[in-house]
Amino acid sequence: MINPKPVMAIVFRAMLIACVWSAGCNFTLAAPAAKQANTAAAVAAPPPPAPEQPPPTPRVRAYLFRGAMGPIFSRGMDQLTSRLEEVGVQADVYEFTICRLIAAKAIREYKKDPLPIVLIGHSMGGLCSVIFAEVLQQENIPVNLIVAIDPAHATGKVPLNVERFINIFMSDSVLGGGDVVAETGYQGHYASYDLKDHSEVTHINIDKMDTIHDQLVNAVVQLGTTPMQVKGETAPLRYIVPADAPLELWDSGIPQFARAGDTLQSLATANHVPPWALTQANQLPDNAPLTAGQRIVIPRHLMPVAQQPATTATAAEPAKRPTSPAPRSSRGQASGEKSSPRPR
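Residues numbered from 1 in each chain as written. Predicted model: local features only at pLDDT ≥ 70, side-chain atom pairs only at ≥ 80, totals over all residues. Heavy atoms only, no water.

### Regarding the overall build of the chain
The criterion, for reference: Under the scheme used here, helices are H or I runs from DSSP no shorter than 4 residues and strands are E runs no shorter than 2 residues, and both carry numbers assigned from the N terminus. Any two residues whose heavy atoms approach within 4.5 Å are treated as being in contact. We get accessible surface area from the Shrake-Rupley algorithm with a probe of 1.4 Å; when it comes to residues, only the shown protein chains can shield them.
On a plain count of helices and strands, the chain comes out with eight helices and nine strands. For the chain, contacts bridging at least 24 residues in sequence account for 75% of all contacts bridging at least 6. As displayed, the chain has an accessible area near 17,800 Å², and 61% of this comes from carbon and sulfur atoms.

Structure follows, in structure tokens:
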């Protein structure tokens, strides 16, 4: 009689060996599959992001001028110069008394390397900026941008070689107050901003206002990195900025033609500008009815072509360069200074 115990042991051992061998085969077969899956995942993984490229260096020269007793009363020009240098602009600040000397230097620099020219001046420095442009006009050298900040009353007219002119002043200012106009036949972009209703602004702190510095730095950087689209009809802007409104530095106006049903309010909303900007630019009351085809001047910012947003469809001829967002700061006072009301 066969003893069942040895037989069962042999059968159990055979089953165990079969299971181990089978598992080993499964592991062996699974390993290449896992390796293939990992290889496929590695191939499908997205490449690492490219390192962020530094912004292009603005190709522009900026000449800034202090007013009388500039090292004391026009320190805002030094602050603005530092900010321009921080973003890569070739910027220098000077006393207005050596205006013609620096203009001669600028002529030599331009003939050697013709970069766009920006002139910014406070008080007598604003007067200097216009004289500077006149000197360059004699050499047929264009000036891409002038910004006069409460220039002196004696400031002359904007010469014809200036592409863009912005005047920020207070018409009741004794120390400044220059309401600068352009020469007859001027074809450039012109905008004038009277801050006489802003009691927090004075001749001594207007050159130090953050809201002005922010916008000027952006404008100069854009001018130096991307050609501006400046062709087409332009309209001059002359504003008395309301006391409760922030200062937004538009470059000029552009005409649109109203459609049936348009109002100043609807055009202001469509073009992202405050209603007062349209009433003043067009010398119309808030509730003035508009007729189809009526010419309406819309304030606009000159922007690099690559940044042109889509135009609105509310007017028959929408603005070619719609306005950009409002300034980052709506403060009317200078940084680090406590504003005090000016005598009215």
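### Let's talk about the environment of threonine 184
Mapped onto the fold, threonine 184 is located in the loop between β5 (164–169) and β6 (189–194). Along the primary structure threonine 184 and lysine 157 are separated by 27 residues, whereas in three dimensions their C-alpha atoms are 9.1 Å apart.

### Let's talk about the environment of alanine 219
Looking at the element boundaries, alanine 219 is found in helix α6 (residues 210–225). On a C-alpha basis, the gap between alanine 219 and methionine 303 in space is 8.5 Å, while along the polypeptide they are 84 residues apart.

### Topic: the nonpolar core
Quick reminder of the rule: Among buried residues, the Ala, Val, Leu, Ile, Met, Phe, Trp, Tyr and Cys ones that are joined through side-chain atoms within 4.5 Å form a nonpolar core. For every residue, the accessible area (1.4 Å probe, protein chains only) is compared with the maximum for its type, and the residue is labelled buried under 20%, exposed over 50%, or partly exposed between those bounds.
Ranked by internal contacts, the top residues of the largest apolar core, which has 48 residues, are Leu84, Ile168, Tyr193 and Ile206. Counting residues per element, this core draws most heavily on α6, at five residues. Leave out the neighbours within four places in its chain, and leucine 84 touches Ala62, Leu64, Val89, Ala91, Val217 and Val220. Core analysis: the next-biggest nonpolar cluster, separate from the first, contains 26 residues, Ala106, Ile117, Ile141 and Ile146 among them.

### Considering the state of the cysteines
Keep this limit in mind: What counts as a disulfide here is a pair of cysteine sulfur atoms lying within 2.5 Å.
Counting across every chain of the model gives one disulfide. Disulfide partner of cysteine 99: cysteine 128, at an S-S distance of 2.4 Å. Across the S-S bond linking cysteine 99 and cysteine 128, the dihedral sits near 95°, which makes this disulfide right-handed. A residue pair is termed long-range when its members are at least 10 positions apart, and cysteine 99 in helix α4 (residues 99–112) and cysteine 128 in helix α5 (residues 124–137) qualify at 29 residues. Taking the relative accessible area as the measure of exposure, cysteine 99 reaches 6% and is therefore buried. Overall, the relative accessible area of 1% leaves cysteine 128 in the buried class.

### Points about the packing of helix α7 (residues 264–271) against helix α8 (residues 275–282)
Put simply, the rule is: Fitting a line to C-alpha atoms yields each axis, with helices limited to the stretch in contact; the angle taken between N-to-C directions then spans 0 to 180 degrees. Any angle between 65 and 115 degrees counts as roughly perpendicular, while under 35 counts as roughly parallel, over 145 as roughly antiparallel, and the rest as oblique. Should the near helix be turned counterclockwise from the far one by less than a right angle, the crossing is left-handed, whereas a clockwise turn marks it as right-handed. Under the scheme applied, nonpolar residues are Ala, Val, Leu, Ile, Met, Phe, Trp, Tyr, Cys and Pro; charged residues are Asp, Glu, Lys and Arg; polar residues are all the others, including Gly.
Interhelical geometry of α7 versus α8 gives an angle of 120° and a closest axis separation of 8 Å. Classed by the angle they form, the pair α7 and α8 counts as oblique. Note on packing geometry: the crossing formed by α7 with α8 is right-handed. The segment α7 lies against α8, with Leu264, Gln265, Leu267 and Ala268 engaging Pro275, Leu278 and Thr279. In terms of residue class, the contact of α7 with α8 is built from five nonpolar, two polar and no charged.

### Thoughts on the sheet that holds strand β1 (residues 61–66)
Rules: Two strands pair if DSSP finds at least two bridges between them.
An order of β2-β1-β3-β4-β5-β6-β7 is seen for the seven strands of this open sheet, with the pairing classed as parallel. The strands lining the two open edges of the sheet, one partner per strand, are β2 (90–95) and β7 (237–240). Strand after strand, the sheet turns through a mean of 10° between neighbouring axes, direction not considered. Sheet analysis places β1 next to β2, joined by six bridges and oriented parallel. Opposite tyrosine 63, over in β2, you have aspartate 92 as the bridge partner.

### Side note on the pattern of salt bridges
The test is simple: Basic side-chain nitrogens of Lys or Arg form a salt bridge, by our definition, when they fall within 4 Å of a carboxyl oxygen of Asp or Glu.
Enumeration over the complete set of coordinates arrives at 13 salt bridges. In this structure, lysine 208 and aspartate 207 form a salt bridge, with 3.0 Å as the shortest nitrogen-oxygen distance. A single burial state applies to lysine 208 and to aspartate 207, both of which are buried. When the shortest N-O distance is used, the salt bridge between arginine 295 and glutamate 233 registers 2.9 Å. Taken as a pair, arginine 295 in strand β9 (residues 295–300) and glutamate 233 in the loop between α6 and β7 lie far apart in primary sequence, 62 residues in all. By relative accessible area, glutamate 233 is classed as partly exposed at 48%.

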